[in-house]
Amino acid sequence: MDRSEALTLVEPHLTKARFEHTKRVAETATKLAKMYGHDTIQADLAAIFHDYAKNRNKDELRQWIVKESLPQHLLSYHHELWHGPVGAILVKKELGIDNEAVLSAIRWHTTGKAGMSLLDKIVFLADYIEPGRQFPGVEEVRTVADNDLNLGCWLASRNTISFLMSKNQPIYPDTFHAYNDLLLQIN
Ligand code: GDP
Ligand code: FE
Ligand code: FE
Ligand code: FE
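I will try to describe carefully the structure that is included in this document. (Residues numbered from 1 in each chain as written. Chains lettered and ligands numbered in written order. Predicted model: local features only at pLDDT ≥ 70, side-chain atom pairs only at ≥ 80, totals over all residues. Heavy atoms only, no water.)

1. With respect to the site of ligand 1
Here is step 1: For ligand 1, the set of nearby residues contains 18 residues, the closest of which are K54, T110, R133, Y172 and T175.
Here is step 2: In the model, an oxygen atom of ligand 1 is placed 2.8 Å from a nitrogen or oxygen of the K54 side chain.
Here is step 3: One nitrogen or oxygen atom from the side chain of H83 is found 3.1 Å from an oxygen atom belonging to ligand 1.
Here is step 4: Across the complex, the protein chains shield 83% of the 590 Å² of accessible surface that ligand 1 would expose by itself.
Here is step 5: When atom positions are compared with the pocket grids, ligand 1 is found to occupy the largest pocket. (Near = heavy atom within 4 Å. Polar contact = N/O pair within 3.5 Å; in protein donor to acceptor, adjacent residues only side chain to side chain. Areas by Shrake-Rupley, 256 points an atom, 1.4 Å probe, with all protein chains shown as cover. 1 Å grid on protein atoms, 1.4 Å probe; cavity = no way out; pocket = protein on both sides within 12 Å on 5 of 7 lines; lining within 4 Å. Sits in = over half its atoms within 2 Å of the grid points.)

2. Digging into the coordination of the iron ion (ligand 4)
By definition of the ideal shapes, a tetrahedral metal site with four donors has angles of 109.5 degrees and an octahedral site with six donors has angles of 90 or 180 degrees.
Here is step 1: With distances of 2.2 to 2.3 Å, the protein atoms coordinating the iron ion (ligand 4) are H21 (NE2), H50 (NE2), D51 (OD) and D127 (OD).
Here is step 2: Written as a sequence motif, the donor arrangement for the iron ion (ligand 4) is H-x28-H-D-x75-D. (Donors = N, O, S within 2.8 Å, 3.2 Å for Na, K, Ca; no water.)

3. Focus: the packing of helix α2 (residues 16-36) against helix α3 (residues 40-49)
Here is step 1: Interaxial distance between α2 and α3 falls to 8 Å at its minimum, and their mutual angle equals 155°. On the basis of their axis angle, the class for α2 and α3 is roughly antiparallel. The crossing of α2 and α3 is right-handed. Here T22, V25, A26, A29, T30, A33 and K34 of α2 come into contact with α3, specifically with T40, A43, D44, A47 and I48.
Here is step 2: Of the residues contributing to the contact of α2 with α3, the split by class is seven nonpolar, three polar and two charged. (Axes fitted to C-alpha atoms, helices over the stretch in contact; angles between N-to-C directions. Helix = DSSP H or I, 4+ residues; strand = E, 2+ residues; numbered from the N terminus. Parallel < 35°, antiparallel > 145°, perpendicular 65-115°, else oblique. Left-handed = near helix turned anticlockwise from the far one by under 90°. Contact = heavy atoms within 4.5 Å. Nonpolar A, V, L, I, M, F, W, Y, C, P; charged D, E, K, R; others polar.)

In short, shape yes, function no, at least from these values alone.
Printed below as a string of structure tokens:
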């Protein structure tokens, strides 16, 4: 599948703003892939599909989690965490994407996990640093991302956890697992 076909498939499922975000994540993921020695075409495609389920309503997302073999404890956490795992299932069912590396990057893009692949990390970080993002600390992560992928991912994961803790929000276990595992990978 080429990028224009992928964009055409994704566009009707997203709001205008979400589609613009998606294109910026794809450009950023392509850059990171070039820098860190990953196939750029695959990184671009994974990024194009990463938020495929983002604009589905909560009830539909919930139903997919119940019907498919996804961890049911997702339902006890914020619905913001559901679109990655459900997105990986829906791009397979609805678009026929069956590349496991791409599905994994979509699946884990919000929380991360221990043992992320290079592509998982590229999409996770590109989603955090794409040029439209404005949250505190993002500029530092952008600078680090140019030199050290693991450190960039770890900072993104640390910032997300700090932000959620400052709001007294629950933190999904894989979000902590990503933080701990990335810490072991940075020197
Ligand atoms: P987006 O889909 O492009 O908006 O970005 P993401 O998929 O990365 O993230 C969506 C939201 O999930 C962000 O606001 C994160 O702060 C939030 N998030 C990430 N990890 C966790 C977590 O463990 N718990 C909760 N409650 N929210 C999280
Ligand atoms: Fe997302
Ligand atoms: Fe993210
Ligand atoms: Fe995103």
